[in-house]
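Architecture at a glance
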Amino acid sequence: MVALQGKAKQFLVFIAKLLVVGGAFYFIYDRIANDDSLQWQRITDAVAQKNSGWLIFVILLLTILNRFFEILKWQNLVQSFRQLSFAGAAEQVLAAVTAGIFTPNGIGEYAAKALYYKKDQAKQIVFLNLICNGIQMVIAIVAGLAGLLVFNALYSVIPTGLLLIIIGGIAVLVAAVFASRKITIKGYSLQLLFEKINEIPKTIHRKNILLATGRYLSIIHQHYFIFLAFGVNLPYPVMISAIAGVYFLGSSLPNFQFLDFAVRGSVAVFFFGRLGVTEWIVIFAATLQWLLNIVLPVSIGSYYVFRFKSERATDTTLHQE
């Protein structure tokens, strides 16, 4: 009976893996195959241009650095309570990206990473993932607001009153969070969260901030070099401020990772339209970033999803034996 239950569980796990991977590639194929706005011949023409080789190299290098920094971030945080190899961290991050492609703002990544650990460690893994993503969000907000202020000062894209409301709203939200930190709901409070954060060694926090900054700069500059590859030669400060603003606004809107290109692309069309950049270039830049930073990791992560075996399953098997 135990053997039959084990076989049934293995079959259900296999079906779940198949649904995750199959669904991920279905969404990717549907996106690429059914978008008439994407004219792939133009990317071939851009690649064929003189001096495009070094731009392609830099774009691909920044693609690698993006996930490399993310893997190092996760390895650094997990090592606050146990050792984790770079290969192990890479497997968990890439598998989580694949699982999180279906969920709003990648929430599924939290559950996917937790499955790699024992049941009594799940809360700690979710907590560490919250820190991992939280610092990335803070950097994106601070840099994005700075970018919006610079860009708006030059081109008046957003009415000054609306921009002040956005900044004021964020300030009020931060103040409300600190004011309500001692309010307890079912035994949990923000004060308890802050205390748990302070329990992690400061060296780990400093490394986490440094790696998150490196990852953010990789993503922002990848977008910049993609524009250069398509012949967009605007002043660097203008481009970076616009990209930072687009990244902030696009990331602030609830979305699924497989729709990330559409959300961010629509915001980018509005911003870069003010700079005179052709719409198809803006759309292609957003789509190419999506292909490099989501589709490529999902393709690699699918392998890890199929070979996944959680510590919980291993513990259960040993217990039965």
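Residues numbered from 1 in each chain as written. Predicted model: local features only at pLDDT ≥ 70, side-chain atom pairs only at ≥ 80, totals over all residues. Heavy atoms only, no water.

You'll find the chain entered in an unreviewed UniProt entry as Lysylphosphatidylglycerol synthase TM region, with Flavobacterium zepuense given as the organism.

Topic: the overall build of the chain
This is how the line gets drawn: Think of it this way: any DSSP run of H or I at least four residues long counts as a helix, any run of E at least two long counts as a strand, and we number them from the N terminus. For each residue, the accessible area found with a 1.4 Å probe, counting protein chains only, is set against the maximum for its type, and the residue is called buried under 20%, exposed over 50%, and partly exposed in between. Note on contacts: a residue pair qualifies if any of its non-hydrogen atoms lie within 4.5 Å across the two residues. A 1.4 Å probe and the Shrake-Rupley method give the accessible areas. Residues count as covered only by the protein chains that appear here.
When helices and strands are counted, the chain shows 13 helices and zero strands. The order of α-helices and β-strands along the chain, N terminus first, is α-α-α-α-α-α-α-α-α-α-α-α-α. By residue count, 45% of the 321 residues in the chain fall in the buried class. Pairs at least 24 apart in sequence give 74% of the contacts found in the chain among residues at least 6 apart. Per element, the accessible surface of the chain, about 17100 Å² overall, is 69% carbon and sulfur.

Points about the nonpolar core
Keep this limit in mind: Buried Ala, Val, Leu, Ile, Met, Phe, Trp, Tyr and Cys residues form a nonpolar core when they are joined through side-chain atoms within 4.5 Å.
One finds Phe225, Phe227, Phe271, Phe272 and Val277 to be the most contacted residues of the largest nonpolar core, which totals 53 residues. Among the elements of the structure, helix H3 (53-78), helix H6 (122-155), helix H9 (202-229), helix H10 (236-252), helix H11 (260-273) and helix H12 (279-306) are those that each provide at least two residues to this core. If you tally residues by element for this core, the top one is H12, at 11 residues. If we ignore the near neighbours within four places in the chain, the residues touching Phe227 are Val232, Met239, Ile243, Phe272, Val277, Ile281, Val282 and Ala285.

Topic: the UniProt feature "transmembrane region" (unreviewed entry) in the chain
For the record, the criterion: UniProt positions are given in the numbering used here, feature names are shortened, and annotations may be inferred rather than shown by experiment.
What UniProt calls "transmembrane region" (unreviewed entry) maps, in this numbering, to residues 12-32, 52-69, 126-151, 157-179, 224-249 and 280-306. In this annotation, residues 126-151 is assigned 100% helix and 0% strand; the end-to-end C-alpha distance for the span is 36 Å.

Examining the confidence of the model for the chain
The condition is simple: What pLDDT conveys is the predictor's confidence in a given residue, as a value from 0 to 100.
Put simply, the chain has an average pLDDT of 77, and 71% of its residues get 70 or more. Ranking the helices and strands of the chain by mean pLDDT puts H9 first, with 94, and helix H13 (residues 311-320) last, with 44. Predicted confidence for residues 2-7 stays below pLDDT 50, and this span has one contact to residues more than four positions away or in other chains. Low pLDDT, under 50, characterises residues 313-321; the stretch is placed with three contacts to residues that sit more than four places away or in other chains.

Regarding the packing of aromatic side chains
Threshold: Any two of the Phe, Tyr and Trp rings considered here, Trp counted by its six-membered ring, make a pair once their centres fall within 6.5 Å; the pair's planes then place it as stacked at under 30 degrees, edge-to-face at over 60, or tilted in between.
For the structure on display, the rule yields 14 aromatic pairs. For the pair Trp54 and Phe225, a centre-to-centre distance of 6.1 Å together with 85° between the ring planes defines the contact as edge-to-face. Of this pair, Trp54 sits in helix H3 while Phe225 sits in helix H9; the two residues are 171 residues apart in sequence, bridging distant segments of the chain. With a relative accessible area of 47%, Trp54 lands in the partly exposed category. Ring geometry for Phe230 versus Trp280: centroids 5.6 Å apart, planes at 90°, classification edge-to-face. Separated by 50 residues along the polypeptide, Phe230 in the loop between H9 and H10 and Trp280 in helix H12 bring together distant segments of the chain. Assessed through its relative accessible area of 11%, Phe230 is described here as buried.

Regarding the packing of H6 against helix H7 (residues 160-179)
The condition is simple: An axis is simply a line fitted to the C-alpha atoms; with a helix, the fit covers only the stretch in contact. Between two such axes, the angle follows the N-to-C directions and lies from 0 to 180 degrees. For classification purposes, angles smaller than 35 degrees are called roughly parallel, those larger than 145 roughly antiparallel, those between 65 and 115 roughly perpendicular, and all remaining angles oblique. A clockwise turn of the near helix away from the far one marks a right-handed crossing, whereas an anticlockwise turn of less than a right angle marks a left-handed crossing. As a working rule, the residues Ala, Val, Leu, Ile, Met, Phe, Trp, Tyr, Cys and Pro are called nonpolar, Asp, Glu, Lys and Arg charged, and the rest polar, with Gly in that last group.
Relative orientation of the contacting elements H6 and H7 amounts to 160°, with a least axis distance of 12 Å. The orientation of H6 relative to H7 falls into the category roughly antiparallel. Regarding H6 and H7, the two cross each other, and that crossing is left-handed. Residues Ile141, Leu145, Leu148, Leu149 and Asn152 of H6 lie in contact with H7, whose contacting residues are Leu163, Ile166, Ile167 and Ile170. Taken together, the residues of the contact of H6 with H7 sort by class into eight nonpolar, one polar and no charged.

A closer look at the packing of H3 against helix H4 (residues 86-100)
Taken N-terminus to C-terminus, the directions of H3 and H4 make an angle of 110°; their axes are 9 Å apart at the nearest point. Between H3 and H4, the angle is such that the two are roughly perpendicular. In terms of crossing hand, the pair formed by H3 and H4 is right-handed. Facing H3, whose interface residues are Arg67, Phe68, Glu70, Ile71, Leu72, Trp74 and Gln75, H4 presents Phe86, Ala89, Ala90, Gln92, Val93 and Val97.

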